[in-house]
Amino acid sequence: MTPMFFEFATANRIVLGDGAARQVAPAAQQMGRRALIVTGSTSERCKPLCADLSAAGVAFCTFEVQGEPTLDSVGRGVAFARQEQCDAVIAFGGGSVIDAGKAIAALLTNQGELMDYLEVVGKGSALQIPTAPFIAVPTTAGTGSEVTRNAVLGVPERQVKVSLRSPLLLPRLAVVDPELTLCLPPAITARTGLDALTQLIEAYVSIRANPVTDGFCEQGIPLAARSLRRAYNQGKDLEARRDMSLAALFSGLALANAGMGVIHGFAAALGGRFAAPHGAICAAILPYGMEINLRALRARAPQSVALRRYPEVARLLTGRGDATAEDGIAWTREICQELEIPPLKTYGIGEQDVPTLIAEAAKASSMKGNPLALTTEELQEVLRRSMNCM
Ligand SMILES: [Zn+2]
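Residues numbered from 1 in each chain as written. Predicted model: local features only at pLDDT ≥ 70, side-chain atom pairs only at ≥ 80, totals over all residues. Heavy atoms only, no water.

Caption draft 1: Layout of the coordination of the zinc ion. Coordination of the zinc ion by the protein comes from D195 (OD), Q199 (OE1), H264 (NE2) and H278 (NE2), over a distance range of 2.1 Å. As a motif over one chain, the donors of the zinc ion read D-x3-Q-x64-H-x13-H. One end of the pair, D195, is in helix α6 (residues 186-205); the other, H278, is in helix α10 (residues 278-300), and 83 residues separate them in sequence. (Donors = N, O, S within 2.8 Å, 3.2 Å for Na, K, Ca; no water. Helix = DSSP H or I, 4+ residues; strand = E, 2+ residues; numbered from the N terminus.)

Quick look at the structure:
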């Protein structure tokens, strides 16, 4: 038996529950003189939070991030925060908004420019100084970014997405309030929920899985399996929204500590080149990534722990003790159909893109937890089948 050795890191403090968003103002009161609230294009939704902050005597100003964050939008956020003399950051929105908030909080205290700290396109220097105090308040149930230590940023001129990574990016406070997700439209519920499910499954079969992340995956997969359809069909069902918020939180805790595999490897490569939402990409690839991993493990790594994990995933998804690995894959294919996840070709991804995407996915850091290295032919098959849903 190999000796056990692992590390687990998360946000300093996590508050979860109905109405948890009311905890933001008292926490912000102790964090700084003036807070920057980072929101998405629907900043209407943070009016109750703004009212709470005003009532608590916390000074603030708001900064909107449109779509997924880029070097440019983060740069503007930092400049605005400096001009307004903000010394704390509250991100209120989906994964993109939280990632933007993390990067802005980091650049408020660390010297130099964002480029100095970015992997792949920049110098990749380590952040040296703790970020400005940072609170993450997710309004979707998906990425789990409120408990991860990276921020994904787009560099449109290079057609890539890269990460700012550091343990210092872990938020000081993560506030998970299922009530904030009640008004999410079905399409966003579907793709963010399937992102969470993909993260739970990839972390569970990852070569870096550990007993702590396993616990989150074993609890999180059944929560998403029983409640994602309900949250999609009846958005106001609070019980289903609670399950999905918890599943998303668990997926973030698992991914930040166990890593991801082939599906997120492709999502990283595709995300920089095509205007496709991260969750929709992951969902479209999920059944094929599982199927081809399973086949490759049976052929080349019959002793692998991950091989025993796939039937377990199937049991967690279906609730049936006799479910096989294939039943689990069929379950993911069915839910993607039911929730109307489009094939990747919808986003203009075609045969001409296959070689570049394979090369980029193979070296993506998100690929590193995959239970085994896939061949070029296997990677091509995953991508081609996800393009056409077949
Ligand atoms: Zn993801």
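After that view of the structure, there is still more to cover.
Caption draft 2: How the structure looks around helix α8 (residues 238-258). Taking 1.5 Å of rise per residue, the 21 residues of α8 would be expected to cover 30 Å, and the 30 Å separating its terminal C-alpha atoms lies within 8% of that figure. Most of α8 sits inside the fold, with 17 of its 21 residues counted as buried. You can read the cap of α8 off the contacts: a side-chain oxygen lies 3.1 Å from the backbone nitrogen of E239, and it is on D237. Of the residues flanking the end of α8, it is G259, one or two places downstream, whose phi is positive at about 80°. (Expected span 1.5 Å × (residues − 1). Buried < 20%, exposed > 50% of the residue type's maximum accessible area, 1.4 Å probe, protein only. Polar contact = N/O pair within 3.5 Å; in protein donor to acceptor, adjacent residues only side chain to side chain.)

Caption draft 3: Expanded view of a nonpolar patch on the surface. A grouping of M4, F6 and V212 is seen on the molecular surface, where their side chains present a nonpolar patch of about 270 Å² in accessible area. Along the chain, the position of M4 falls in the segment before β1 (13-16). Taking the relative accessible area as the measure of exposure, M4 reaches 60% and is therefore exposed. (Patch = residues over 30% accessible without salt bridge, like charges linked within 9 Å, V, L, I, M, F, W, Y side chains within 5 Å. Areas by Shrake-Rupley, 256 points an atom, 1.4 Å probe, with all protein chains shown as cover. Salt bridge = Lys/Arg side-chain N within 4 Å of Asp/Glu carboxyl O.)

Caption draft 4: Inspection of the nonpolar core at higher detail. Within the largest apolar cluster, 78 residues are counted, with the highest numbers of intra-cluster contacts made by L194, F266, L270 and L344. Residue contributions to this core peak at 11 residues, all from α10. Each residue touching F266, except ones within four places of it in the same chain, is listed here: I285, L357, I358, A361, L379, V382 and L383. (Core = buried A, V, L, I, M, F, W, Y, C linked by side-chain atoms within 4.5 Å. Contact = heavy atoms within 4.5 Å.)

Caption draft 5: Highlighting the packing of aromatic side chains. In this structure the tally under the stated criterion is three aromatic pairs. Judged by centre distance (5.9 Å) and plane angle (25°), the rings of F8 and F216 are stacked. Here F8, found in the segment before β1, pairs with F216, found in helix α7 (residues 211-233); they are 208 residues apart in sequence, far enough to count as distant. Where F216 meets F250, the ring centres are 5.0 Å apart and the plane angle is 50°; that geometry is what we call tilted. With a gap of 34 residues between them, F216 in helix α7 and F250 in helix α8 connect regions that are remote in the sequence. F250 sits in the buried class, given a relative accessible area of 10%. Members of the aromatic cluster, joined through ring pairs, are F8, F216 and F250. Lying across the ring of Y204, R309 places its NZ or CZ 4.3 Å from the centre. (Phe/Tyr/Trp six-rings, centres within 6.5 Å; stacked < 30°, edge-to-face > 60°. Lys NZ or Arg CZ within 6 Å of the ring centre and 35° of its normal.)

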